[in-house]
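# Inside the fold
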Amino acid sequence: PKFAGGRSPKKSHLKYGFIQALSLVSAQIQQGKDAQNKASTFLFTSSLPDEGKSTITMHLAKSLTRQGLRVLVIDGDVRRPSLHKLMQMGDPLYLSDFDPQRESYRKVVHEQRRSNASFVFSPPARDEQDCQKLLKLVALVAVQAAEDFDVILIDTSPIMATSDVVVLSGLL
């Protein structure tokens, strides 16, 4: 981007604008939370891969926790999960390690002290059947977690690459 006169913005200006935009979205979510007592769930998608939805989701989570909200971020991009890599988590417990018949979803929740947000990581789906199973687990965790969190952010697959976000929205 260029300013009037052909000058390019400084990186600090771009970073400030990004932070301000997230603060505005956080404030609007907070206002909505004041009007209702149940958890709000948001699905984040993009048109194509690598457009920054995971980065935005993580920064929004951080912004919301600064306002005192309890936030859970779920990696619902079961084809190309990336949150565990962005957070440098190595080999965490994944969504697939959770057996909803025998244990609480909390088994796979990772709390991060830096951002005060909680995270659920997904492994990459091995095939289409595994993908559908993981999407059902994402939805199940989101529904169960609604009693313990104020806001649930689900980072999903790009909409032009798969129909996963449509399937997931129908399960919630």
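Report on the accompanying structure. (Residues numbered from 1 in each chain as written. Predicted model: local features only at pLDDT ≥ 70, side-chain atom pairs only at ≥ 80, totals over all residues. Heavy atoms only, no water.)

What follows covers the environment of Pro92. Counting through the fold element by element, Pro92 comes out in the loop between α3 (83–86) and β3 (109–111). For Pro92, a relative accessible area of 9% translates into the label buried. Residues Pro92 and Val108 lie 16 residues apart in sequence; the distance between their C-alpha atoms is 8.4 Å. Discounting chain neighbours no more than four positions away, the residues touching Pro92 are His84, Asp97, His110 and Phe121. (Helix = DSSP H or I, 4+ residues; strand = E, 2+ residues; numbered from the N terminus. Buried < 20%, exposed > 50% of the residue type's maximum accessible area, 1.4 Å probe, protein only. Contact = heavy atoms within 4.5 Å.)

A word on the packing of helix α4 (residues 128–145) against helix α5 (residues 164–171). Direction vectors running N to C along α4 and α5 enclose 45°, while the axes themselves pass 9 Å from each other. Our classification of the angle between α4 and α5 gives oblique. The way α4 lies across α5 gives a crossing that is right-handed. Here α4 contributes Cys131, Gln132, Leu135, Lys136, Val138 and Ala139 to the contact with α5, which in turn contributes Asp164, Val167, Leu168 and Leu171. (Axes fitted to C-alpha atoms, helices over the stretch in contact; angles between N-to-C directions. Parallel < 35°, antiparallel > 145°, perpendicular 65-115°, else oblique. Left-handed = near helix turned anticlockwise from the far one by under 90°.)

To continue, consider a nonpolar patch on the surface. A grouping of Leu48, Ile159, Met160 and Val166 is seen on the molecular surface, where their side chains present a nonpolar patch of about 400 Å² in accessible area. Summarising the element assignment, Leu48 is placed in the loop between β1 (40–44) and α2 (53–66). (Patch = residues over 30% accessible without salt bridge, like charges linked within 9 Å, V, L, I, M, F, W, Y side chains within 5 Å. Areas by Shrake-Rupley, 256 points an atom, 1.4 Å probe, with all protein chains shown as cover. Salt bridge = Lys/Arg side-chain N within 4 Å of Asp/Glu carboxyl O.)

A word on the side chain of Gln112. Within the secondary structure layout, Gln112 lies in the loop between β3 and β4 (118–120). Not counting the four nearest positions on each side in its chain, Gln112 is found in contact with Met87, Ala117 and Phe119.

Next up on the list: α5. Residues Asp164, Val165 and Leu168 constitute the buried set of α5. Taken around the axis of α5, the buried residues stretch over an arc of 95°, which confines them to a single face. Summarising the geometry of α5, the exposed residues directed more than 90 degrees from the buried face are Val166 and Gly170. Buried residues along α5 sit in contact with β1, α4 and β5 (151–155). (Arc of directions from axis to C-beta.)

Judged by pairing direction, the sheet is mixed, and its five strands sit side by side in the order β1-β5-β2-β4-β3 without closing on themselves. Each edge of the open sheet is held by one strand with a lone partner, namely β1 and β3. Going from strand to strand, the sheet's axes swing by 20° on average, the running direction of each strand aside. Pairing between strand β2 (residues 71–75) and β4: three bridges, direction parallel. The partner of Ile74 across the bridge, within β4, is Val120. Against the sheet, α2 touches β1, β2, β4 and β5, its axis set at about 170° to β5. (Pairing = 2+ DSSP bridges.)

This next bit is on unusual backbone geometry. Non-glycine residue Asp50 carries a positive phi angle of around 65°. Mapped onto the fold, Asp50 is located in the loop between β1 and α2.

Most often, soluble globular proteins have nonpolar side chains that are buried together. By size, the foremost hydrophobic cluster in this structure holds 22 residues, and its most contacted members are Leu72, Ile74, Val120, Val141 and Ile152. Mapped by element, the contributors of at least two residues to this core are β2, α4 and β5. Element by element, the count of residues in this core is highest for α4, at nine residues. Look past the residues within four positions of Val120 in its chain and what remains in contact with it is Leu72, Val73, Ile74, Asp75, Leu95, Val108, Val109 and Val141. In this structure, Leu83, Ala117, Val151 and Leu153 belong to the second largest nonpolar core, which totals 16 residues. (Core = buried A, V, L, I, M, F, W, Y, C linked by side-chain atoms within 4.5 Å.)

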